[in-house]
Amino acid sequence: DRTVTVCFDSDAASNPGVRWAECHLARTLAARGAEVRVARLPAEPDGSKNGIDDYIVRRGPEAFGAILAAA
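No experiment lies behind these values; they were computed from the predicted model shown. (Residues numbered from 1 in each chain as written. Predicted model: local features only at pLDDT ≥ 70, side-chain atom pairs only at ≥ 80, totals over all residues. Heavy atoms only, no water.)

1. Quick word on helix H1 (residues 16–31)
For H1, spanning 16 residues, the distance from its first C-alpha to its last is 22 Å, which sits close to the expected 22 Å at 1.5 Å a residue. When H1 is considered as a whole, its buried residues turn out to be Val18, Glu22 and Ala26. Taken end-on, H1 shows its buried residues confined to a sector of 70 degrees, consistent with a single buried face. Among the exposed residues of H1, those pointing more than 90 degrees away from its buried face are Pro16, Trp20, Arg27 and Ala31. Buried residues along H1 sit against strand E1 (3–6) and strand E2 (35–38). The opening residue of H1 is Asn15, an N-cap whose side-chain oxygen sits 2.9 Å from the backbone nitrogen of Gly17. Directly after H1, the chain includes Gly33, whose backbone phi takes a positive value near 100 degrees. (Helix = DSSP H or I, 4+ residues; strand = E, 2+ residues; numbered from the N terminus. Expected span 1.5 Å × (residues − 1). Buried < 20%, exposed > 50% of the residue type's maximum accessible area, 1.4 Å probe, protein only. Arc of directions from axis to C-beta. Contact = heavy atoms within 4.5 Å. Polar contact = N/O pair within 3.5 Å; in protein donor to acceptor, adjacent residues only side chain to side chain.)

This is the structure we're talking about:
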């Protein structure tokens, strides 16, 4: 009975395996009573992948907070 935000690396948008893992985790959490939200990290302008840590270092915690708020 809690809200959980799932946030995988930015390649979740283009990698079917990562997308499957994200979906499977979200469904498992929901089956256990969580309200699940999914936050999507954008890739860098040059197409390189972002993880949460990369994104926060490059853009700052406020930018990551905005992504979480939009989930």
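Now, onward.
2. Concerning the side chain of Glu22
Here Glu22 lies in helix H1. Ignoring sequence-local partners within four residues, the contact set of Glu22 consists of Val6, Phe8, Ala12, Val38 and Arg40.

3. Notes on the nonpolar core
Here is a general trend for soluble globular proteins: nonpolar side chains tend to be buried in one another's company. Within the largest apolar cluster, 6 residues are counted, these being Cys7, Ala39, Leu41, Tyr55, Phe64 and Ile67. If we ignore the near neighbours within four places in the chain, the residues touching Ala39 are Thr5, Val6, Cys7, Phe8, Ile67, Leu68 and Ala71. (Core = buried A, V, L, I, M, F, W, Y, C linked by side-chain atoms within 4.5 Å.)

4. Regarding the pairing of E2
Both E1 and E2 contribute to a ladder of 4 bridges, which runs parallel. Along E2, the bridge assignment pairs Val4 with Val36. Remark: the E1/H1/E2 crossover connection has right-handed handedness. (Pairing = 2+ DSSP bridges. Right-handed = clockwise from strand over helix to strand, strands pointing away.)

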